[in-house]
Amino acid sequence: MGKNHYKLLNNLEQYRKKAGLTQEELSNEADVSRKSINAIENGIYVPSTVLALKISKIFNCKVEDLFELPKN
Amino acid sequence: MNFYIRFLMLFLCGVVQVFFAIHLLLDLGILQLPSDLMFIPGILIILTSTVLVLSYYYGNEGINNKLYDEYAADRFYRLGNLGYALNGIGLFIIFSIQDYQNWDIQIASNMILQIAAYAWLVFGVLLIWFAIGDYRESQHG
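Cut-off values and rules
- Every chain's residues receive numbers from 1 upward, in the order its sequence appears when written.
- Chains carry letters from A onward and ligands carry numbers from 1 onward, assigned in written order.
- Since the coordinates come from a predicted model, pLDDT governs what is reported: local features require at least 70, and pairs of side-chain atoms require 80 or more to be given and counted, while whole-chain, interface and lining totals use all residues.
- Comment: elements are numbered from the N terminus, with helices defined as DSSP H or I runs of at least four residues and strands as E runs of at least two.
- To assign burial, the other C-beta atoms lying within 10 Å of each residue's own C-beta are counted, with C-beta atoms placed from the backbone; 20 or more indicates buried, 12 or fewer indicates exposed, and intermediate counts indicate partly exposed.
- By the convention adopted here, residues are in contact when the distance between their C-beta atoms, placed from the backbone, does not exceed 7 Å.
- A radius of gyration in this sense is built from C-alpha atoms; the matching globule rule multiplies 2.2 Å by the number of residues raised to 0.38.
- Residue classes follow a fixed rule: Ala, Val, Leu, Ile, Met, Phe, Trp, Tyr, Cys and Pro count as nonpolar, while Asp, Glu, Lys and Arg count as charged, and any other residue, Gly among them, counts as polar.
- To be clear, the arc concerns the directions from the helix axis to the C-beta atoms.
- Orientation is described by axes fitted as lines to C-alpha atoms, over the contacting stretch for helices, and by angles from 0 to 180 degrees between their N-to-C directions.
- Just so you know how the angles are binned, under 35 degrees is roughly parallel, over 145 roughly antiparallel, 65 to 115 roughly perpendicular, and the rest oblique.
- A crossing counts as left-handed when the near helix is turned anticlockwise from the far one by less than a right angle, and as right-handed when that turn is clockwise.
- A residue's pLDDT is the predictor's confidence in that residue, given on a scale from 0 to 100.

So, the overall build of chain B
Step number 1: Looking only at helices and strands, chain B features five helices and zero strands.
Step number 2: Ordered by position from N to C terminus, the α and β elements of chain B give α-α-α-α-α.
Step number 3: For chain B, buried positions account for 20% of its 141 residues.
Step number 4: Within chain B, counting contacts between residues at least 6 apart in sequence, those at least 24 apart form 82% of the total.

Some points on the overall build of chain A
Step number 1: A tally of helices and strands in chain A yields five helices and two strands.
Step number 2: Across chain A, helices and strands are ordered from the amino to the carboxyl terminus as β-α-α-α-α-α-β.
Step number 3: In terms of overall size, chain A behaves like a compact globule, its C-alpha atoms giving a radius of gyration of 11 Å where 72 residues would be expected to give roughly 11 Å.
Step number 4: The principal-axis extents of the C-alpha atoms in chain A amount to approximately 35 × 20 × 20 Å.
Step number 5: By residue count, 33% of the 72 residues in chain A fall in the buried class.
Step number 6: Pairs at least 24 residues apart make up 51% of the contacts formed inside chain A by residues separated by at least 6 positions.

Notes on the interface of chain B and chain A
Step number 1: Counting from both sides, the interface comprises ten residues of chain B and, opposite them, ten residues of chain A.
Step number 2: Within the residue set of the side of chain B that touches chain A, elements represented by two or more residues are α3 (61–67), α4 (70–96) and α5 (105–140) of chain B.
Step number 3: Looking at the side of chain B that touches chain A element by element, the count peaks at four residues for α4 of chain B.
Step number 4: Its residues assigned to classes, the side of chain B that touches chain A comprises two nonpolar, three polar and five charged.

Examining the environment of Val 122 of chain B
Residues and elements named next belong to chain B.
Step number 1: When you line up the elements, Val 122 lands in helix α5.
Step number 2: For Val 122, a count of 21 C-beta atoms within 10 Å gives the class buried.
Step number 3: Along the backbone, Val 122 and Ile 97 are 25 residues apart, and their C-alpha atoms lie at a distance of 19 Å.
Step number 4: Aside from chain neighbours lying at most four places away, what touches Val 122 is Gly 83, Leu 86, Asn 87 and Gly 90.

Remarks on helix α2 (residues 23–30) of chain A
Residue and element names in this part refer to chain A.
Step number 1: Along α2, the residues that are buried comprise Leu 26, Ser 27 and Ala 30. The arc that holds every buried residue of α2, seen down its axis, measures 100 degrees, which confines them to one face.
Step number 2: On its buried side, α2 packs onto α1 (12–18), α3 (34–41) and α4 (49–58).

Here we look at the packing of helix α1 (residues 3–26) of chain B against α5 of chain B
Residues and elements named next belong to chain B.
Step number 1: For the pair α1 and α5, interaxial distance at closest approach is 7 Å and the crossing angle is 155 degrees. One element, α1, and the other, α5, form an angle in the roughly antiparallel class. Of the two elements, α1 crosses α5, and the hand of that crossing is left-handed.
Step number 2: A class-by-class count of the residues in the contact of α1 with α5 yields 24 nonpolar, four polar and two charged.

Structural notes on the confidence of the model for chain A
Step number 1: When pLDDT is averaged along chain A, the result is 91, and 97% of the positions lie at 70 or above.
Step number 2: When pLDDT is averaged over each element of chain A, α4 of chain A comes out on top at 95 and strand β1 (residues 9–10) of chain A at the bottom at 90.

Side note on the packing of α2 of chain A against α3 of chain A
All names here are of chain A.
Step number 1: α3 packs onto α2 with a crossing angle of 110 degrees between their chain directions and a minimal axis gap of 8 Å. Taken together, the axes of α2 and α3 lie roughly perpendicular to each other. Here α2 runs over α3; the crossing is right-handed. Contacts from Gln 23, Glu 24, Leu 26 and Ser 27 of α2 reach α3 at Arg 34, Ser 36, Ile 37 and Asn 38.
Step number 2: When its residues are assigned to classes, the contact of α2 with α3 shows two nonpolar, four polar and two charged.

So, unusual backbone geometry
Step number 1: Residue Leu 33 of chain B is joined to Pro 34 of chain B through a cis peptide bond whose omega torsion reads 0 degrees.
Step number 2: Positioned with a positive phi, Asn 60 of chain A is a non-glycine residue whose angle comes to about 55 degrees.
Step number 3: Tracing the backbone shows Asn 60 of chain A in the loop between α4 and α5 (63–66).
Step number 4: According to the C-beta neighbour criterion, Asn 60 of chain A is exposed, with 9 such atoms within 10 Å.
Step number 5: The phi torsion at Asp 27 of chain B lies on the positive side, around 50 degrees, for a residue other than glycine.
Step number 6: Inspection of the secondary structure assignment puts Asp 27 of chain B in the loop between α1 and α2 (40–58).
Step number 7: When the 9 C-beta atoms within 10 Å are taken as the criterion, Asp 27 of chain B is described as exposed.

This is the structure we're talking about:
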């Protein structure tokens, strides 16, 4: 897990890099600004359900692979 | 509409509001205030809001997905809340410090100017804050 929001752990950066995408390219595919992707990756912002589903669709994985709740 | 134009419009609104607030608070004497010139900050806000609303509903969808995405909305919401909170506290203080024993039209008039100056200052600073942060993040964030 990368840098995380206290309410949500995320693997977005690893998945993005594995897919060979820049933040800009991912943001274009997800119809959001690059700063949104950057903010999610750095644990500054928790994405909406729609955005989380869009991103998981882009990477062809489950939402749970990208995001998970903290243990405590 | 793009990030730069939005930055320019919001920054201009913010700077004008801060200028009018400081002018009233420090009585700078550059403009003849109070006067009809005090409509300028409000007219700028109405024009800017109109342009932003029109661009939201009728602008290019691809650009709007980025300009008006959920992170920008979250940022705007948090700064707006801060503005309302500061305005509430400020209004409470302004109402509390008035001399109601010797209340007259001059004191009432001064109070209205204090309220206007305070609201302009708070929302002007927040508009500048949002505009700079929004544009900087769109480039380097």
